[in-house]
Each structure stands twice: as structure tokens, then as C-alpha cells.
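Structural characterization, general
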Amino acid sequence: MPAALNAANEAAVEGFLSRKIKFMDIPEIIKRTMGRHKVVKYYGLDDILTADNWARNFASNLIGV
């Protein structure tokens, strides 16, 4: 969850800084991304990197990047 949360936040902030979304859209992008994220109980580095990549792509698609 932390990797996905961080990735979604970074993607949303990037969307804001590039003026594609409003500041108050950031929490909604994160909320929607985290709502679709699948929790992995036992994980390794590959799982963390996969979650990060998935969340960045999902959030970016929500933004329309």
C-alpha cells in the first residue's frame, strides 16, 4: 500500500504542476487509485516495484496524461 500511495501522490502532484488537474483533484486521484489497488500480504522488491508502476500508470490515466 505505501508504494502505491506514494506513486499515486507523485503522479497526481505532477499532473497538478503541469496544470492538467486542480490542486483539490489530488486527493481524489489518490483515493480512486488506492480503491483499485490490490493489497499483497507478503511481498518482495518486485512486488513493490510492480505496485509503484501500476499506481503511476493508473493515476496518470485518470489524469489523462
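Just so it is clear, the structure is predicted and the values come from calculations on it, not from any experiment. (Residues numbered from 1 in each chain as written. Predicted model: local features only at pLDDT ≥ 70, side-chain atom pairs only at ≥ 80, totals over all residues. Heavy atoms only, no water.)

Here we look at unusual backbone geometry
We note that Arg19 has phi near 65°; this positive angle belongs to a residue other than glycine. Position of Arg19 relative to the elements: it lies in the loop between helix H1 (2–17) and helix H2 (26–36). (Helix = DSSP H or I, 4+ residues; strand = E, 2+ residues; numbered from the N terminus.)

Details of the pattern of salt bridges
The full count for this structure, using the stated rule, is two salt bridges. Close ionic contact of Arg56 with Asp52 constitutes a salt bridge, the shortest N to O distance being 2.7 Å. One end of the pair, Arg56, and the other, Asp52, are both in helix H3 (residues 45–63), four residues apart, so they sit about a helical turn from each other. For Arg56, a relative accessible area of 27% gives the class partly exposed. Beyond isolated ion pairs, a larger network of salt bridges with shared partners links Glu10, Asp52 and Arg56. (Salt bridge = Lys/Arg side-chain N within 4 Å of Asp/Glu carboxyl O. Buried < 20%, exposed > 50% of the residue type's maximum accessible area, 1.4 Å probe, protein only.)

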